[in-house]
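# Architecture at a glance
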Amino acid sequence: MLKIENLQARIEEKEILKGINLDIKPGEVHAIMGPNGSGKSTLASVLAGREDYEVTGGSVDFLGKDLLELSPEDRAKEGLFLAFQYPVEIPGVSTTNFMKTALNEKRKYQGLDPLDAAQFLKLMKEKMKLVQIDQALLSRSLNEGFSGGEKKRNEIFQMAMLEPKLAILDETDSGLDIDALRIVANGVNQLRSKDNAFLVVTHYQRLLEYIVPDYVHVLYKGRIVKSGTKELALELEERGYDFIKEEVDQAIA
Amino acid sequence: MDATSNIKSAYAQLEGKSKNLSAFQEENWKTFSGIGIPALKHEEWKYIPIKNVFKASMNIAVEHDAFDQSALSNYILPGTEDANHIVFYNGRFQEHASKINEKDKLVVKSLEIAAGDEDAAFVETNLGNSQGYHPDGVNALNGAFAAGGAFIKIKKGAVISQPLIIYHFADSSNGFRFSQPRILVSVEDNAQVTIVETYVNHGGGESLTNEVIEICTGRDSITRYIKLQNEGNLSNHTGTTHVRQLERSNTHAVTITLDGAVVRNNLNMVMEDEHAESHMYGLYLLKGNTLADNHTIVDNRMPHCESNELYKGIMDDQSTGVFNGKIFVRKDAQKTNAYQSNKNILLGDQASANTKPQLEIFADDVKCSHGCTIGKLDEDALFYLRARGISEKNAKALLLHAFASDILGQIENEAIKNYIETLISDRLSLEA
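Cut-offs used in this document
Position numbers for residues count from 1 along each chain, tracking the sequence in the order it is written. As they are written, the chains are lettered A onward and the ligands numbered 1 onward, keeping that order. Selection of residues for local features in this predicted model requires a pLDDT of at least 70, selection of side-chain atom pairs for listing and counting requires 80 or more, and totals for whole chains, interfaces and linings are taken over all residues. Hydrogens and water molecules were not included; the side-chain quantities draw on all heavy atoms of the structure. A helix here means a DSSP run of H or I that spans at least four residues, while a strand means a run of E at least two residues long, and both kinds are numbered starting from the N terminus. Every radius of gyration here is taken over C-alpha atoms, with the globule rule written as 2.2 Å times N^0.38, N being the number of residues. Per-residue accessibility, obtained with a 1.4 Å probe over protein chains only, is compared with the maximum for each type, and a residue is labelled buried under 20%, exposed over 50%, and partly exposed between these values. Residues count as neighbours in contact if any of their non-hydrogen atoms are within 4.5 Å of one another. With residues, only the protein chains shown are counted as cover, and all accessible areas are computed by Shrake-Rupley using a 1.4 Å probe. In this tally, Asp and Glu contribute negative charge and Lys and Arg positive charge; neither His nor the terminal groups of the chain are included. A charged residue contributes its charge at one atom only: NZ of Lys, CZ of Arg, CG of Asp or CD of Glu. Lining residues are defined by having an atom within 4 Å of a point belonging to a cavity or pocket. Those points lie on a 1 Å grid over the protein atoms alone, cavities being sets where a 1.4 Å probe fits but cannot get out and pockets being open sets with protein on both sides within 12 Å along at least five of seven lines. Grid points are joined across faces, edges and corners, and a volume is the space filled by probe spheres set on the points. Classes in brief: Ala, Val, Leu, Ile, Met, Phe, Trp, Tyr, Cys and Pro nonpolar; Asp, Glu, Lys and Arg charged; the others, Gly included, polar. DSSP-based pairing: two strands are paired if at least 2 bridges between them are found. Angular values range over 0 to 180 degrees, each being the angle between N-to-C directions of two axes fitted as lines to C-alpha atoms, with helices fitted over their stretch in contact. Classification of ring pairs rests on two measures: the distance between centres of Phe, Tyr or Trp rings, Trp counted by its six-membered ring, which must be within 6.5 Å, and the angle between planes, read as stacked under 30 degrees, edge-to-face over 60 and tilted in between. Charge over a ring is defined by NZ of Lys or CZ of Arg lying within 6 Å of the ring centre and within 35 degrees of the ring normal. Salt bridge criterion: a side-chain nitrogen from Lys or Arg within 4 Å of a carboxyl oxygen from Asp or Glu. Two parts placed together each lose some accessible area under a 1.4 Å probe, and the buried area is that loss summed for both. Definition of a polar contact: a pair of N or O atoms within 3.5 Å, with one able to donate and the other able to accept a hydrogen when the atoms are protein atoms, and with sequence-neighbouring residues admitted only if both atoms are side-chain atoms.

### A few points about the overall build of chain A
Within chain A, the secondary structure is distributed over 10 helices and 12 strands. Radius of gyration (C-alpha) of chain A: 18 Å, near the 18 Å computed for a compact globule of 253 residues. Principal-axis analysis of the C-alpha atoms places the extent of chain A at approximately 60 × 40 × 35 Å. Buried positions account for 54% of the 253 residues belonging to chain A. The long-range share in chain A, meaning contacts at least 24 apart out of those at least 6 apart in sequence, stands at 68%. When the accessible surface of chain A is totalled, it reaches about 11,300 Å², and 46% of it is carbon and sulfur. In chain A, 33 positive and 41 negative side-chain charges are present, and the distance between their average locations comes to 3 Å.

Shown next as structure tokens:
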């Protein structure tokens, strides 16, 4: 589904990604872990198409298309979704209105008729249950004055509405208490299927107790330096990132 | 012939035609003749090349030009068919074309007549009050042609259920049209009314409308005022809306500018008595070469008054938005609350915004605040929307619509709000 080869990217003059290789197949959940500043969020942003980053090398194939050639909106329409680490507050735009626009643009892209008001409402009610989000919240300005947990639940709600093929969760666990974390993880788990895939970017192992990954990769200094199964996450939790840093730094030295 | 001699010959044709307003007109003509049209060096006109707007050859109506009544029906704002309509044609009040439904509550007549009947005292006290705030040739020039104006009275305690919509038609089919509407409004004690002004340039030529509307809001009255400007890009406008607020009166003004060539709006709120309240909102959504300049004044003369002000601008292409907000708090005006904010978004690289808050406070127990911003669309918000599959064009439209929405939300009348919403959505070309 997603094949990343030797991906390199920088922001201004600073090299952040220095050759990422990653292969994600339908039905899989991959976790990317790593210490702060290792490039995790950059990878998520580059995949979603944020223009602040300049891709300097490598390739990304998404369902047979050159992902890097697509605009952010076309990536989304092709089935990519980024749950933001810091969802943006947008005064004056309600989640409902925003989702309706997004969903119908995607449907148009797919050659489908737009949903009418009743169909849309029905779909929304169904998806709201997944993340236990209140309709009143969705009528308000997008993320404005939402708590950290509400913002993250709103991200998962949007994901449920758009039914992406590949969802990237960028530190979705940050700033969540344990109850909110469970709700979010539960929403994600209900959306898992053999046809879609998840890339979970996180600093802590905590989230992975709830969203159990098939593969865990450790990103450090812009490269994936270690890959394994969910046991690797537990090892990291126990030993911290230092042993990996030492291994890598010694290898370079 | 230059602009001034063009105007002079029109004025000469007016002389002797008015009985009750001739002194007022003469006095204003004298002022205009003395100071003329303001140049750019005039502090209040520094962003507006108003002198260039006046042309050597302008059509000025000095008599009652017959207005084709059927034309009105083409321009009625959707959903307001049952409203009270007042028609101005080429700057002159058209009594026969106007339609007043609530005649028991509402008096509409020519200013010339009002200046000689039972309303003469009101006219005497209130006509020309704006001049103290705008001692320039533009205001005086309007005064010199005041006899073509209208007088509106909302009777004591009357609640006018339908808005009172003033349509200003300018016929530019035979060349540059110069119109000078003059309106005097008395909202008597405890009365409530919504007044809307809208402008139509038909004929496809250039025009300049130089308007003065003066409103006196009585004790405990509620006045809502909407000014909608969406003429073509050949239409120039200089307008003053002057409101004199008496005790506990509440005024709420929304000024929307969507199109025009050179547009200047003065809005004055004079808090003459205690506990007066005024709300001033503005939206200018500009494109092409439009220059829109909003000058507002809140003059707090007495204690316990409150004013809120929010103006927002979106400038595309080479357009220019100007905001100048004056707040005076006089020595006696203790316990004044006055808030002001102006926010601008520049879309085009050639677009510009000038904003200037101007607070002059002479009392020591007041709350006043002001703020202004000029920026571009929020890139993070734009990316967030695009990352959900919304095209860049629609994402921009959504954000701009959201930016404008708190001003639109201030319009209480649903039909008028929906109409303006449609104009703005079309303009931002938001695709569903």
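### Notes on empty space enclosed by the protein
Take a probe with the size of a water molecule and roll it over the atoms, and the empty space left behind shows itself. All names here are of chain B. With the rule as written, the count across this model stands at 6 cavities of 30 Å³ or more. Considering only enclosed or pocket space, the largest cavity measures out at about 70 Å³ in volume. Lining the largest cavity are I60, A61, N90, G91, R92, F145, F178, S179 and Q180. When the residues that make up the lining of the largest cavity are grouped by side-chain class, the tally is 4 nonpolar, 4 polar and 1 charged.

### What to know about the sheet that holds strand β21 (residues 367-375) of chain B
Hydrogen bonds between backbone groups are what pair the strands of a sheet, and the pairing can be parallel or antiparallel. Residues and elements named next belong to chain B. Ordered in space as β3-β2-β6-β9-β11-β13-β15-β17-β19-β21, the 10 strands form an open sheet in which the pairing is mixed. Only two strands of the sheet have a single neighbouring strand rather than two, namely β3 (92-99) and β21. Here the average twist between neighbouring strands, direction ignored, is 10°. Here strand β2 (residues 84-89) pairs with strand β6 (residues 164-171) via 6 bridges, running parallel. Within the sheet, the bridge partner assigned to F88 lies in β6 and is H168. The sheet contacts of helix α9 (residues 392-408) involve β13 (250-259), β15 (277-286), β17 (306-315) and β19 (337-346), and relative to β17 the element is tilted by about 150°.

### Some thoughts on the packing of aromatic side chains
Residues and elements named next belong to chain B. Applying the stated criterion to the full structure yields 14 aromatic pairs over all chains. Seen from their ring centres, Y167 and F169 are 6.4 Å apart, and the 25° between their planes marks the pair as stacked. The exposure class assigned to Y167 is buried, which follows from its relative accessible area of 0%. Given the relative accessible area of 2%, F169 is considered buried. An aromatic cluster is present here, built from F67, Y75, Y89, Y167 and F169 joined pairwise through their rings. Taking the ring centre of W45 as reference, the NZ or CZ of R264 above it sits at 4.2 Å. A cation over an aromatic ring shows up here: R388 above the ring of Y384, its NZ or CZ 5.0 Å from the ring centre.

### Comments concerning the layout of surface pockets
All names here are of chain B. In this structure, the largest pocket spans a volume of roughly 410 Å³. Residue lining of the largest pocket: 21 residues in total, with L377, E379, L382, E392 and K396 positioned closest to the centre. Of all the elements in the fold, those that place two or more residues in the lining of the largest pocket are α8 (379-386) and α9. For the lining of the largest pocket, the residue count by class is 9 nonpolar, 1 polar and 11 charged.

### Observations concerning the pattern of salt bridges
Tallied over the entire structure, the rule returns 41 salt bridges over all chains. Between R388 of chain B and E155 of chain A there is a salt bridge, with the nearest N and O atoms lying 2.7 Å from each other. Here R388 of chain B, found in the loop between α8 and α9, pairs with E155 of chain A, found in helix α6 (residues 148-162), and the two come from separate chains. Across the pair D119 of chain B and K109 of chain B runs a salt bridge whose closest N-O atoms are separated by 2.6 Å.

### Section: the side chain of K77 of chain A
Topologically, K77 of chain A is positioned in helix α2 (residues 72-78). The contact partners of K77 of chain A, leaving out residues within four places of it in the chain, are E105, K106 and Y109 of chain A together with G389 of chain B.

### As for the interface of chain A and chain B
With 31 residues of chain A at the interface, the matching set in chain B holds 18 residues. When chain A packs against chain B, close to 2,100 Å² is buried across both sides, 63% of that on carbon and sulfur atoms. Applying the counting criterion to the chain A and chain B interface returns 4 salt bridges. Applying the counting rule to chain A against chain B returns 11 residue pairs in polar contact (both at pLDDT 80 or more). Of all the secondary-structure elements, those providing two or more residues to the side of chain A that touches chain B are α2, β6 (80-83), β7 (90-94), α3 (95-109) and α6 of chain A. Residue contributions to the side of chain A that touches chain B peak at 7 residues, all from α3 of chain A. The class makeup of the residues in the side of chain A that touches chain B is 17 nonpolar, 7 polar and 7 charged.

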